[in-house]
There are 2 protein chains.
Amino acid sequence: MTRPPRRARAVDVAARAGVSVATVSFVVNGKAEGRVSPATRLRVLDAIAALGYVTDASARALATGRRRQVALLAHDMTNPFTAQVAAGAAAGIAEATEGTGHLLLLLASDDAEPDTEPVGAATVDGVLINYPGTLPAGRPDLPVVHLDDPAAGGHQVSMDVVVGARELAAHLAGLGHRHVVFVDSNRPWSTFVERRTAFTDEFARRVPGAVVTGDRSGIDLAGAVGHATAALEGWQRSGATAVVTATDVQALGVLSALAAAGVPVPGRLSVAAFDDIPFAAVSAPPLTTVRLPARELGHRGAVLLSRVIDGTAVDPAPVVLPAQLVVRGSTGPATM
Amino acid sequence: MTRPPRRARAVDVAARAGVSVATVSFVVNGKAEGRVSPATRLRVLDAIAALGYVTDASARALATGRRRQVALLAHDMTNPFTAQVAAGAAAGIAEATEGTGHLLLLLASDDAEPDTEPVGAATVDGVLINYPGTLPAGRPDLPVVHLDDPAAGGHQVSMDVVVGARELAAHLAGLGHRHVVFVDSNRPWSTFVERRTAFTDEFARRVPGAVVTGDRSGIDLAGAVGHATAALEGWQRSGATAVVTATDVQALGVLSALAAAGVPVPGRLSVAAFDDIPFAAVSAPPLTTVRLPARELGHRGAVLLSRVIDGTAVDPAPVVLPAQLVVRGSTGPATM
DNA sequence: CTGTTAGCGCGTTCAT
DNA sequence: ATGAACGCGCTAACAG
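Residues numbered from 1 in each chain as written. Chains lettered and ligands numbered in written order. Predicted model: local features only at pLDDT ≥ 70, side-chain atom pairs only at ≥ 80, totals over all residues. Heavy atoms only, no water.

Considerations on the protein's contact with DNA strand D
Next, step 1: Around DNA strand D lies a shell of 26 residues, among which Ser20(A), Gly34(A), Ser37(A), Ala10(B) and Tyr53(B) are the nearest.
Next, step 2: For DNA strand D, a phosphate oxygen lies 3.5 Å from a polar atom in the side chain of Arg9(B).
Next, step 3: Lys31(B) is positioned with one of its side-chain polar atoms (N or O) 3.1 Å from a phosphate oxygen of DNA strand D.
Next, step 4: Contributions of two or more residues to the surface near DNA strand D are made by α2 (21-28) and α4 (57-64) of chain A together with α2 (21-28) and α4 (57-64) of chain B.
Next, step 5: Of the residues forming the surface near DNA strand D, the biggest block, four residues, is contributed by α4(B).
Next, step 6: Classifying every residue of the surface near DNA strand D by side-chain character gives 10 nonpolar, 10 polar and six charged. (Near = heavy atom within 4 Å. Polar contact = N/O pair within 3.5 Å; in protein donor to acceptor, adjacent residues only side chain to side chain. Helix = DSSP H or I, 4+ residues; strand = E, 2+ residues; numbered from the N terminus. Nonpolar A, V, L, I, M, F, W, Y, C, P; charged D, E, K, R; others polar.)

Structure follows, in structure tokens:
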């Protein structure tokens, strides 16, 4: 009665069904068509169910060379944008592989590089990089898709940040703003460079004598609040009438600092940003921001990566997702 | 000149170093001590570096039975609490395994159960469940640690929600509130049940004739906003002077709905919740909430799981992390 | 101190 | 239509 609680193997299934392991393998992998008679196929299926047999992933991986896993290299899961990318990626890989593919989460610890050991150890069939910079060499032919890194080569999916930035510039210009502070991220990622330069260029083009003061802060909430609190007075003295940040998280920090200091938004200072994370819609006032489709980014990236892995996608054709300005209550007419 | 871009294997290293694969295996796994001479060890190391050799994870897993991977079963990575748990878990597993362990992310798609196929396929050495309910059977002896699920048996780490809930009840009672609306989560997870009953009991104990009106909403931002907007009028008519929600996300939604309706907080209605996600500190007004150490939860859970896996932790001794009320601006004296 | 070798569990070609 | 046998790359017991 005391059956060994050991996992059933293909041999066990084969024995119970009175066939060979090869037959079991065929049935399990859907290659029974024209090779295994429907009757025996059913017997095998029964045995599988009875034994609770599940193919061992490591053994299969060793035999096939496919791991059925993909890694997501990201920086900080605590950032809502990243979290959405991850959620989208998980859904995308599941969808593209019909539930057989899975996501290995590789996060950077603090400011270090994320741990890429699994990549070298061939634990994954491909990598999704939501992180600037390339992989450590060693696996030159490993399928890779870059996310939101317009400067990256190869396969990538990004968002039309430039269009969104221009819309934002036009919006602020139309409200009469002439001097804005642009709070960049203190990480020199290409997506942030693009946000800043596209905004700055368009704003300068539309507003004669425009002034865009550069500034930067961490993109974590605490860092953003601290920076904004300290920089606030300088912003006011400079005559700026609007603050644009590279990310929503920073803007939420700015909003908080302004509220604490009793500065009316958008009465005294307008605030706008990029991302449109869910919390941007419920801040006080709700945040005007450039909507960047984070979840879609992860989703499309995962689907693309799956295609690269199975060889369907060969030549790198960058996918660019649309971005769009969402006007809410944090921006208003410029007032000096 | 055209070297095959193939990954180097142990045999290749062995050949280059003039030793056998066993020797390579020993030095790779740090078992060279007293088995391999320092000199040959160095030769092997050189060969490894020269060839860029990295042990194949699948092969090693097949041979050792250890996958060096752990799964995190979670519901919605978009929820900041979950994201923090994930970040903590990733850090914890890396720490406990000195960088050799990794995190497989298994998310539930919408309201379905999360995909547990990798668990059955033995892709992981253990599972971290931040999700109510147990694993599908089939692997009864698989190490499991439940997170924030006080009703779960076995190994688990949770938080002292009861203490926090009582502090909150005392706080509101002290401010003169007698009628509060408790907006529960619409998911019947034990952690939420605990939050509600602990709060309700303590509040009733402290306030003679106390009224706690029950209510519930989704714990996603959109759902919370929608619900609050619709329920708002009823809350006001009922004579409630405070709203307590099961999670910060819901409270943020409530705050947003109240702001849109022009209801002063805490002037007309006080608002409080559980979690203390980062955004709770920057809302307008900043949210009074019971701080639940999410990151720590994930971290400790991962460390504990590692111990269970390597057999260090045997008897399930539930770990309970402290919770503590953080009073901010969203709660004030009751006013009718 | 070092080499040989038998598994680990599955996929797949080649006979039958 | 089915089974036998080899290989995937590595670990670990055993022999020397």
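A few points about the environment of Pro38(B)
Next, step 1: Along the polypeptide, Pro38(B) turns up in helix α3 (residues 38-51).
Next, step 2: As a C-alpha pair, Pro38(B) and Arg178(B) span 140 residues in sequence and 76 Å in three-dimensional space.

Some details on the interface of chain B and chain A
Next, step 1: Residue-level contacts link 45 residues of chain B with 45 residues of chain A.
Next, step 2: Between chain B and chain A, a total of about 3600 Å² is buried, with carbon and sulfur atoms accounting for 66% of that surface.
Next, step 3: One can count two salt bridges joining chain B with chain A.
Next, step 4: Its salt-bridge partner being Arg67(B), residue Asp56(A) comes within 3.3 Å of it at the nearest N-O pair.
Next, step 5: For the pair chain B and chain A, the interface holds 14 residue pairs in polar contact (both at pLDDT 80 or more).
Next, step 6: Residue assignment for the side of chain B that touches chain A shows that the elements contributing at least two residues are α4, α5 (80-96), β2 (102-107), α6 (117-120), α9 (221-238) and α10 (248-261) of chain B.
Next, step 7: Grouping the constituent residues of the side of chain B that touches chain A by class yields 29 nonpolar, 10 polar and six charged.
Next, step 8: Bridge analysis of strand β2 (residues 102-107) of chain A against β2(B) gives three bridges, and the strand direction is antiparallel. In the strand pairing of β2(B), Leu105(A) is matched with Leu103(B). (Contact = heavy atoms within 4.5 Å. Buried area = accessible area lost by both parts, 1.4 Å probe. Salt bridge = Lys/Arg side-chain N within 4 Å of Asp/Glu carboxyl O. Pairing = 2+ DSSP bridges.)

Quick notes on the sheet that holds strand β10 (residues 288-291) of chain B
Residues and elements named next belong to chain B.
Next, step 1: Judged by pairing direction, the sheet is mixed, and its six strands sit side by side in the order β7-β6-β8-β9-β10-β12 without closing on themselves. The sheet is open, and its two edges are formed by β7 (211-217) and β12 (324-326), each paired on a single side. Neighbouring strand axes in the sheet, compared pairwise and without regard to direction, differ in orientation by 20° on average.
Next, step 2: Bridge count for β10 against β12 is three bridges, and the pairing is antiparallel. By the bridge assignment, Arg 291 is partnered in β12 with Gln 324.
Next, step 3: Strand contacts of α9: β6 (179-185), β7 and β8 (242-245), with the helix running at about 160° to β7, the strand carrying the most contacts. (Axes fitted to C-alpha atoms, helices over the stretch in contact; angles between N-to-C directions.)

Quick look at the sheet that holds β2(B)
Next, step 1: The 12 strands lie next to each other as β11(A)-β5(A)-β4(A)-β3(A)-β1(A)-β2(A)-β2(B)-β1(B)-β3(B)-β4(B)-β5(B)-β11(B), forming an open sheet whose pairing is mixed. Of all strands in the sheet, those with a lone pairing partner are β11 (319-321) of chain A together with β11 (319-321) of chain B, marking the two edges. When the angles between neighbouring strand axes are averaged without regard to direction, this sheet yields 20°.
Next, step 2: Examined bridge by bridge, strand β5 (residues 156-159) of chain B and β11(B) share three bridges and lie parallel to one another. Paired with Met159(B) across the bridge in β11(B) is Leu321(B).
Next, step 3: The strands touched by helix α5 (residues 80-96) of chain A within the sheet are β1 (69-74), β2, β3 (126-129), β4 (144-147) and β5 (156-159) of chain A together with β2 of chain B, with β2(A) carrying the most contacts at an inclination of about 155°.
Next, step 4: The strands touched by helix α11 (residues 294-309) of chain A are β1, β3, β4, β5 and β11 of chain A; relative to β5(A), the strand with the most contacts, the crossing angle is about 160°.

Quick notes on empty space enclosed by the protein
Next, step 1: Applying the stated criterion across every chain yields a total of one cavity of 30 Å³ or more.
Next, step 2: For the largest cavity, the calculated volume is near 30 Å³.
Next, step 3: Around the largest cavity sit Thr78(A), Pro80(A), Ala83(A), Phe279(A), Met77(B), Thr78(B), Pro80(B) and Ala83(B), which together line it.
Next, step 4: Those elements giving two or more residues to the lining of the largest cavity turn out to be α5 of chain A together with α5 of chain B.
Next, step 5: Residues that form the lining of the largest cavity fall into these classes: six nonpolar, two polar and no charged. (1 Å grid on protein atoms, 1.4 Å probe; cavity = no way out; pocket = protein on both sides within 12 Å on 5 of 7 lines; lining within 4 Å. Points joined across faces, edges and corners; volume = space filled by probe spheres on them.)

Digging into the packing of aromatic side chains
Next, step 1: One pass over the full model with this rule turns up nine aromatic pairs over all chains.
Next, step 2: Between Phe199(A) and Phe203(A), the aromatic rings sit 5.5 Å apart at their centres with planes inclined by 10°, giving stacked as the arrangement. Of this pair, Phe199(A) and Phe203(A) are both found in helix α8 (residues 190-206), four residues apart, which corresponds to roughly one turn of the helix. Taken individually, Phe199(A) and Phe203(A) each receive the classification buried, so the pair is uniform in this respect.
Next, step 3: With a centroid separation of 5.8 Å and 40° between ring planes, the pair formed by Phe182(B) and Phe199(B) is classed as tilted. (Phe/Tyr/Trp six-rings, centres within 6.5 Å; stacked < 30°, edge-to-face > 60°. Buried < 20%, exposed > 50% of the residue type's maximum accessible area, 1.4 Å probe, protein only.)

A short note on the relation of the copies chain B and chain A
Next, step 1: Mapping chain B onto chain A calls for a screw motion: a turn of 180° about the axis and a shift of 0.0 Å along it, with 0.1 Å RMSD after fitting. Seen this way, the second copy is the image of the first under a two-fold rotation axis.
Next, step 2: Both copies share a contact surface, since 100% of the interface residues of chain B are interface residues in chain A too. (Least-squares fit on C-alpha atoms with pLDDT ≥ 70 in both.)

What about the UniProt feature "domain: HTH lacI-type" (unreviewed entry) in chain A?
Next, step 1: Here the UniProt-annotated "domain: HTH lacI-type" (unreviewed entry) positions come out as residues 8-64 of chain A.
Next, step 2: End C-alpha atoms of residues 8-64 of chain A are separated by 20 Å, and the span's content is 67% helix alongside 0% strand. (UniProt positions renumbered as here; feature names shortened; annotations may be inferred.)

Some points on the protein's contact with DNA strand C
Next, step 1: Around DNA strand C, the structure places 28 residues, and the nearest of them are Ala10(A), Tyr53(A), Ser20(B), Arg35(B) and Ser37(B).
Next, step 2: By atom count, sugar and phosphate contribute 72% of the portion of DNA strand C lying within 4 Å of the protein.
Next, step 3: Measuring from a phosphate oxygen of DNA strand C, one finds a side-chain N or O atom of Thr23(B) at 3.2 Å.
Next, step 4: Within the backbone of Ala63(B), one N or O atom sits 3.5 Å away from a base oxygen of DNA strand C.
Next, step 5: Secondary structure elements with two or more residues in the surface near DNA strand C: α2 and α4 of chain A together with α2 and α4 of chain B.
Next, step 6: The element that contributes the greatest number of residues to the surface near DNA strand C is α4(A), accounting for four residues.
Next, step 7: The residue inventory of the surface near DNA strand C, partitioned by class, reads 12 nonpolar, 10 polar and six charged.

Topic: the domain arrangement of chain A
Residues and elements named next belong to chain A.
Next, step 1: Looking at the assigned domains, one finds that chain A contains domain 1 (10-53), domain 2 (67-156 + 295-319) and domain 3 (161-293).
Next, step 2: Of note, the centres of domain 2 and domain 3, computed from C-alpha atoms alone, are 29 Å apart.
Next, step 3: Listed as interface residues are 14 residues of domain 2 and, on the opposing side, 13 residues of domain 3.
Next, step 4: Both faces considered, domain 2 and domain 3 share a buried interface measuring about 1100 Å² in area, 61% of it formed by carbon and sulfur atoms. (Domains from an automatic or database assignment.)

Remarks on the pattern of salt bridges
Residue and element names in this part refer to chain A.
Next, step 1: In the structure shown here, the tally under the stated rule is 28 salt bridges over all chains.
Next, step 2: Residues Arg 195 and Asp 148 are paired through a salt bridge, measuring 3.6 Å at the closest nitrogen-oxygen approach. In this pair, Arg 195 sits in helix α8 while Asp 148 sits in the loop between β4 and β5, placing the two residues 47 residues apart along the sequence.
Next, step 3: Connected through salt bridges with shared partners, the residues Arg 166, Glu 202, Arg 205 and Arg 206 form a single ionic network.

Observations concerning helix α8 (residues 190-206) of chain B
Residues and elements named next belong to chain B.
Next, step 1: Here α8 is 17 residues long and its end C-alpha atoms lie 24 Å apart, about the 24 Å a rise of 1.5 Å per residue gives.
Next, step 2: Burial in α8 covers these residues: Ser 190, Thr 191, Phe 192, Arg 195, Ala 198, Phe 199, Glu 202 and Phe 203.
Next, step 3: At its buried positions, α8 is contacted by α7 (161-174), β6, β7, β8 and β9 (270-275). (Expected span 1.5 Å × (residues − 1).)

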